[in-house]
Amino acid sequence: EVQLVESGGGLVQPGRSLKLSCVASGFTFSNYGMNWIRQAPGKGLEWVAYISSGSSYIYYAETVKGRFTISRDNAKNTLYLQMTSLRSEDTALYYCARHTMGITDYWGQGVMVTVSS
Amino acid sequence: DIMMTQSPLSVAVTPGESASISCRSSKSLLHSNGITYLSWYLQRPEKSPQLLIYQISNLASGVSDRFSGSGSGTDFTLKISKVETEDVGIYYCVQFLEVPWTFGGGTKLELK
């Protein structure tokens, strides 16, 4: 069974940093690209970042480019999102999701990030 | 960026009846490889999104065949036949043709 479990969220002040993790199990993590996708409270879905299976290809939404860094450790089956210079508009539930051949199929349960003073 | 527009914003359906949701993209989602990268998701209340349909009309594993997708180019439709209680939630279309991948605003399905 595919499982994606996010962690690392919480309440953080504007301008500070936070690092999210997503531990994968039930599939060969190193064979799949991965996404971070977020959902602000009461709002729709917004793609944040993508990393290919071997980390050769990395893409970001313009809203986070230069502030967020996606990375992965295939030996640990773990995906990361380093978030810096956080803003109130980054407040959201952050999902990690598996991606292959143009399909994002499995999603984690999400981790909440709240940016507030 | 490719803009994805869904309609209606919400739909109320009598159980057992059908519902259709429309999704329009600002650019054709047909790749040069012949694949159209349009997917549909259902987000049930307080749950993570679930993949329903990929590449216009392919049913995801474990998804009821009451769901079907159609369309081409820039116009797509998700149809739900014989609506059940478990179908309640918000439906999203998304394009995976080019980054930034973009989602429609969502269509909320409720029961009458």
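Let us look at the structure shown here. These figures come from a predicted structure and were not determined experimentally. (Residues numbered from 1 in each chain as written. Chains lettered and ligands numbered in written order. Predicted model: local features only at pLDDT ≥ 70, side-chain atom pairs only at ≥ 80, totals over all residues. Heavy atoms only, no water.)

1. What to know about the layout of surface pockets
Rolled over the atoms, a probe with the dimensions of a water molecule shows which regions are left empty. This is how it is decided: In the cavity and pocket records, a cavity denotes points on a 1 Å grid over the protein atoms alone where a 1.4 Å probe fits but cannot get out, a pocket denotes an open set with protein on both sides within 12 Å along at least 5 of 7 lines, and lining residues are residues with an atom within 4 Å of a point. Grid points are joined across faces, edges and corners, and a volume is the space filled by probe spheres set on the points. Secondary structure elements follow DSSP: runs of H or I of four or more residues count as helices, runs of E of two or more count as strands, with numbering from the N terminus. Polar here means any residue other than Ala, Val, Leu, Ile, Met, Phe, Trp, Tyr, Cys and Pro, which are nonpolar, and Asp, Glu, Lys and Arg, which are charged; Gly is therefore polar.
Considering only enclosed or pocket space, the largest pocket measures out at about 500 Å³ in volume. Taken together, 26 residues line the largest pocket, and the ones lying closest to its centre are Gln39(A), Lys43(A), Gln43(B), Glu46(B) and Ile90(B). Of all the secondary structure elements, the ones that give two or more residues to the lining of the largest pocket are strand E9 (92-100) of chain A together with strand E9 (89-95) and strand E11 (107-111) of chain B. When its residues are assigned to classes, the lining of the largest pocket shows 11 nonpolar, 10 polar and 5 charged. Quantified by volume, the second largest pocket comes out at close to 410 Å³.

2. Some thoughts on the interface of chain A and chain B
This is how the line gets drawn: Working rule for contacts: check all heavy atoms of both residues, and any pair within 4.5 Å makes them a contact. Note on terms: buried area is the combined drop in 1.4 Å-probe accessible area of two parts once they are placed together, counting the loss on both. Basic side-chain nitrogens of Lys or Arg form a salt bridge, by our definition, when they fall within 4 Å of a carboxyl oxygen of Asp or Glu.
Taken together, the contact between chain A and chain B spans 20 residues of the former and 15 residues of the latter. Both faces considered, chain A and chain B share a buried interface measuring about 1,500 Å² in area, 69% of it formed by carbon and sulfur atoms. Taken together, the links from chain A to chain B amount to 0 salt bridges. At the level of secondary structure, the elements contributing two or more residues to the side of chain A that touches chain B comprise strand E4 (33-39), strand E5 (45-51), E9 and strand E10 (103-107) of chain A. Classifying every residue of the side of chain A that touches chain B gives 9 nonpolar, 8 polar and 3 charged.

3. Some thoughts on the sheet that holds strand E7 (residues 68-73) of chain A
Residues and elements named next belong to chain A. Keep this limit in mind: At least two DSSP bridges between two strands are required for those strands to pair. To obtain an axis, a line is fitted to C-alpha atoms, over the contacting stretch when the element is a helix, and the angle between two such axes runs from 0 to 180 degrees between their N-to-C directions.
The strand order E1-E3-E8-E7 describes an open sheet built from 4 strands, whose pairing is antiparallel. Two strands in the sheet have a free side with no partner beyond their single neighbour: strand E1 (3-7) and E7. In this sheet, neighbouring strand axes are inclined to one another by 15 degrees on average, regardless of whether the strands run parallel or antiparallel.

4. As for the nonpolar core
One recurring pattern in soluble globular proteins is that nonpolar side chains are buried together. Counted only if it meets this: Grouping buried Ala, Val, Leu, Ile, Met, Phe, Trp, Tyr and Cys residues that are joined through side-chain atoms within 4.5 Å yields what is termed a nonpolar core. Residue exposure (1.4 Å probe, protein chains only): buried if accessible area is under 20% of the type maximum, exposed if over 50%, otherwise partly exposed.
Counting 71 residues, the largest nonpolar core has Trp36(A), Leu79(A), Leu81(A), Met83(A), Tyr94(A), Trp40(B) and Tyr91(B) as the members making the most contacts within it. Tallying contributions element by element places E5(A) first for this core, with 6 residues. Look past the residues within four positions of Tyr91(B) in its chain and what remains in contact with it is Gln6(B), Ile21(B), Tyr41(B), Leu42(B), Leu52(B), Phe67(B), Leu78(B), Ile80(B), Gly106(B), Thr107(B) and Leu109(B).

5. Considerations on unusual backbone geometry
Across the junction of Ser7(B) and Pro8(B), the peptide omega takes the value -5 degrees, indicating a cis bond. With omega at 0 degrees, the peptide bond leading from Val99(B) into Pro100(B) counts as cis. Locating Pro100(B) in the fold gives a position in the loop between E9 and strand E10 (102-103). Here the phi dihedral of Asn77(A) falls at roughly 50 degrees; this positive angle occurs in a residue that is not glycine. Residue classification places Asn77(A) among the partly exposed positions, given a relative accessible area of 28%. Phi is positive for Lys82(B), which is not a glycine, with a value near 45 degrees.

6. Some words on the pattern of salt bridges
Residues and elements named next belong to chain A. A complete count under the given rule lists 11 salt bridges over all chains for this structure. Between Arg38 and Glu46 there is a salt bridge; the shortest N-O distance is 2.7 Å. For Asp90, the salt bridge goes to Arg38, with nearest N and O atoms at 3.0 Å. A residue pair is termed long-range when its members are at least 10 positions apart, and Asp90 in the loop between strand E8 (78-83) and E9 and Arg38 in strand E4 qualify at 52 residues. Take Asp90: its relative accessible area is 0%, and that puts it in the buried class. A residue is classified by how much of its surface remains accessible, and Arg38, at 5% relative accessible area, is buried. Each of the salt bridges in this network shares a partner with another, and the network as a whole consists of Arg38, Glu46, Arg67 and Asp90.

7. Remarks on the pairing of E9(A)
All names here are of chain A. For E9, the buried fraction is high: 7 of the 9 residues fall into the buried class. Looking at chain direction, E4 and E9 are connected through 7 bridges and run antiparallel. What sits directly across from Met34, in E9, is Arg98. Pairing of E9 with strand E11 (residues 111-115) involves 3 bridges; the strand directions are antiparallel. Counterpart to Tyr94 in the pairing with E11 is Val111. Strand direction decides the pairing type here: E9 and E10, joined by 3 bridges, are antiparallel. Along E10, the bridge assignment pairs Ala97 with Trp107. Hairpin connection of E9 to E10: 2 residues between the antiparallel strands, including Met101 at a positive phi of 50 degrees.

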